[in-house]
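Descriptive structure summary
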Amino acid sequence: MIKKRRVALGATQKELSELCGVSQSMVAKIEAGRAEASYGIATRIFEALDSLAHLSEPRVKDFMNRKVVSCDVGDRVDAVVKKMKKGGISQLPVLDGKELVGLISEGVLIENMDRLSKVTDVGEIMRDAPPVVSEETSYKMTVSLLKEFSFVLVKGKKGFVGLVTKADVLGAR
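Residues numbered from 1 in each chain as written. Predicted model: local features only at pLDDT ≥ 70, side-chain atom pairs only at ≥ 80, totals over all residues. Heavy atoms only, no water.

**Some points on helix α8 (residues 139-146)**
A turn of α-helix holds 3.6 residues, and therefore any two residues three or four places apart point the same way. Along α8, the residues classified as buried are Y139, T142, L145 and L146. Within α8, the buried residues cover an arc of 125 degrees as seen down the axis, which keeps them to one side. Lining the buried residues of α8 we find α5 (60-63), β4 (132-134), β5 (151-156), β6 (159-165) and α9 (166-172). (Buried < 20%, exposed > 50% of the residue type's maximum accessible area, 1.4 Å probe, protein only. Helix = DSSP H or I, 4+ residues; strand = E, 2+ residues; numbered from the N terminus. Arc of directions from axis to C-beta. Contact = heavy atoms within 4.5 Å.)

**Considerations on helix α2 (residues 13-20)**
Residues of α2 that are buried: L16, S17 and C20. Buried residues of α2, seen end-on, are gathered within an arc of 100 degrees and therefore sit on one face of the element.

**Thoughts on the sheet that holds strand β1 (residues 71-72)**
Within the open sheet, the three strands sit side by side as β1-β2-β3. Their pairing is mixed. Of all the strands in the sheet, the pair left with one neighbour each is β1 and β3 (99-105). Where β1 and strand β2 (residues 91-96) come together, two bridges link them in parallel fashion. Looking at β2, one finds that C71 is bridged to V94. In this fold helix α6 (residues 77-87) packs onto β1, β2 and β3, with an angle of close to 135 degrees to the strand it touches most, β2. (Pairing = 2+ DSSP bridges. Axes fitted to C-alpha atoms, helices over the stretch in contact; angles between N-to-C directions.)

**Considerations on the side chain of S138**
In this fold, S138 is placed in the loop between β4 and α8. Setting aside chain neighbours within four positions, we find S138 in contact with E57, P58 and R59.

**Re the pattern of salt bridges**
The full count for this structure, using the stated rule, is six salt bridges. Among the ionic pairs, E136 bridges to K61, the shortest N-O distance being 2.7 Å. Of this pair, E136 sits in the loop between β4 and α8 while K61 sits in helix α5, and the two are 75 residues apart along the sequence. Put simply, D78 and R76 hold a salt bridge, and the shortest N to O gap is 3.4 Å. Classification of D78 by relative accessible area gives partly exposed; the value is 41%. (Salt bridge = Lys/Arg side-chain N within 4 Å of Asp/Glu carboxyl O.)

**Points about the pairing of β5**
Counting buried residues in β5 gives five out of six residues, a clear majority hidden from the surface. The pairing of β4 with β5 spans three bridges and is classified as parallel. Following the sheet pairing, V132 is matched in β5 by L153. Taken together, β4, α8 and β5 constitute a β-α-β crossover, and its handedness is right-handed. In this structure, the hairpin formed by β5 and β6 is closed by a connection of two residues. (Right-handed = clockwise from strand over helix to strand, strands pointing away.)

**Topic: the layout of surface pockets**
Counted as a void, the largest pocket has a volume near 230 Å³. Lining of the largest pocket is provided by 14 residues; of these, N65, I89, Q91, L163 and T165 occupy positions nearest its centre. For the lining of the largest pocket, the secondary-structure elements that each account for two or more residues are β2 and β6. Its residues placed into classes, the lining of the largest pocket shows six nonpolar, six polar and two charged. (1 Å grid on protein atoms, 1.4 Å probe; cavity = no way out; pocket = protein on both sides within 12 Å on 5 of 7 lines; lining within 4 Å. Points joined across faces, edges and corners; volume = space filled by probe spheres on them. Nonpolar A, V, L, I, M, F, W, Y, C, P; charged D, E, K, R; others polar.)

**Looking at the packing of aromatic side chains**
A complete count under the given rule lists one aromatic pair for this structure. Residues F63 and Y139 carry aromatic rings whose centres are separated by 5.7 Å and whose planes lie at 75 degrees to one another, so their mutual orientation is edge-to-face. With a gap of 76 residues between them, F63 in helix α5 and Y139 in helix α8 connect regions that are remote in the sequence. In terms of burial, F63 and Y139 fall into one category: buried. (Phe/Tyr/Trp six-rings, centres within 6.5 Å; stacked < 30°, edge-to-face > 60°.)

**Points about the nonpolar core**
One finds I104 and I125 to be the most contacted residues of the largest nonpolar core, which totals 14 residues. Contributions of two or more residues to this core are made by α6, β2 and α7 (106-111). Sequence-distant contacts of I125, that is, excluding residues within four places in its chain, are made with V77, I104, V108, L109, N112, R115, L116 and V119. Formed by eleven residues, the second largest nonpolar core is a distinct cluster that contains F63, V133, V152 and V169. (Core = buried A, V, L, I, M, F, W, Y, C linked by side-chain atoms within 4.5 Å.)

Here's what the structure looks like:
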């Protein structure tokens, strides 16, 4: 079981031994079934394997869509609809300068269809902003957020660098 997990994670016996503080020869003996691990050693080995699994999990930067198309809070609704149609995009983050302030989507537009002739700016009908994550956010955390939100925006050192939709996480596994 230990060897199978270690190999699946791409770690050597030496790397595992250094990570858990158990000699490489002891790890080899345990894996070969020539020695039984005490509870304390087994705990350290499995904690090390868990930490390796966490490190090997994909990060947002590995599967995000790097093309961020957005609109400004003051953009006219008809212009935003054209932008969405042209790009084949169903939802856009709404910015006020460099700050994320909301979300506009096909659903929001449909909900407001009866008053679109009176609405001029996207800011009048936008919904709450989606969550913002870092490039190092884990796959599991991203999936968890996408259960509640249609997409998450990714912020790097120089502003928004990507976004992740449900389709992106499905393609990452």
